[in-house]
Amino acid sequence: MAKTPFVQKLMSLTGRLRYIFGPASSSPLDHEMTPENKDLLVQQQAAAQEFVTVKRADGSTYLVPRDPNDQSRR
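Residues numbered from 1 in each chain as written. Predicted model: local features only at pLDDT ≥ 70, side-chain atom pairs only at ≥ 80, totals over all residues. Heavy atoms only, no water.

S.K.: Please clarify how the overall build of the protein should be interpreted in this entry.
M.R.: Regarding its fold elements, the protein presents two helices and two strands. The secondary structure elements of the protein, listed N-terminal to C-terminal, are α-α-β-β. About 7300 Å² of surface is accessible on the protein, with carbon and sulfur atoms providing 58% of the total. (Helix = DSSP H or I, 4+ residues; strand = E, 2+ residues; numbered from the N terminus. Areas by Shrake-Rupley, 256 points an atom, 1.4 Å probe, with all protein chains shown as cover.)

S.K.: Which parts of the structure should I look at to understand the pairing of strand 2 (residues 61-65)?
M.R.: Where a strand is regular, its side chains alternate between the two sheet faces. Pairing of strand 1 (residues 51-55) with strand 2 involves five bridges; the strand directions are antiparallel. From the neighbouring strand, Val 54 faces strand 2, where its bridge partner is Tyr 62. Here strand 1 folds back onto strand 2 in antiparallel fashion, the turn holding five residues, of which Gly 59 has a positive phi close to 100°. (Pairing = 2+ DSSP bridges.)

S.K.: What should I look at first to understand a nonpolar patch on the surface in this one?
M.R.: Taken together, the side chains of Phe 6, Val 7, Leu 10, Met 11, Leu 13, Leu 17, Tyr 19, Ile 20 and Phe 21 define a hydrophobic patch exposed on the protein surface, amounting to about 1100 Å² of accessible area. A relative accessible area of 38% means that Leu 17 is categorised as partly exposed. (Patch = residues over 30% accessible without salt bridge, like charges linked within 9 Å, V, L, I, M, F, W, Y side chains within 5 Å. Salt bridge = Lys/Arg side-chain N within 4 Å of Asp/Glu carboxyl O. Buried < 20%, exposed > 50% of the residue type's maximum accessible area, 1.4 Å probe, protein only.)

S.K.: Got a minute to help me understand helix 1 (residues 6-21) in this structure?
M.R.: Along an α-helix, residues three or four apart share an orientation, since each turn contains 3.6 residues. For helix 1, which comprises 16 residues, the first-to-last C-alpha distance of 22 Å matches the rise-based estimate of 22 Å (1.5 Å per residue) to within 8%. Burial within helix 1 is sparse, with just zero of its 16 residues counted as buried. Remark: Gly 22 follows helix 1 within two positions and exhibits a positive phi of approximately 90°. (Expected span 1.5 Å × (residues − 1).)

S.K.: Honestly, the pattern of salt bridges in this entry has me stumped. Any pointers?
M.R.: In a structure, side chains of opposite charge can pair up when their charged atoms sit close to one another. This model, assessed by the stated rule, comprises one salt bridge. With a shortest N-O distance of 3.5 Å, Lys 38 and Glu 32 are connected by a salt bridge. Classification of Lys 38 by relative accessible area gives partly exposed; the value is 39%. Residue classification places Glu 32 among the exposed residues on the basis of a relative accessible area of 62%.

Structure below.
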């Protein structure tokens, strides 16, 4: 008796799950950004500009504030 391949078992299982839970929902990626999302993006980009990534000799990285006199985030 031939053994059923793992991939075939997996596809059978996911087919049963889709039958129970329905297909995965997806949304288009080319929609217009809402004003709230635009504001959030601007805030996140500004926050990312406040830090610099420093790389250690062992290859690990960490973040430090761009302004060395800023003690608010330490």
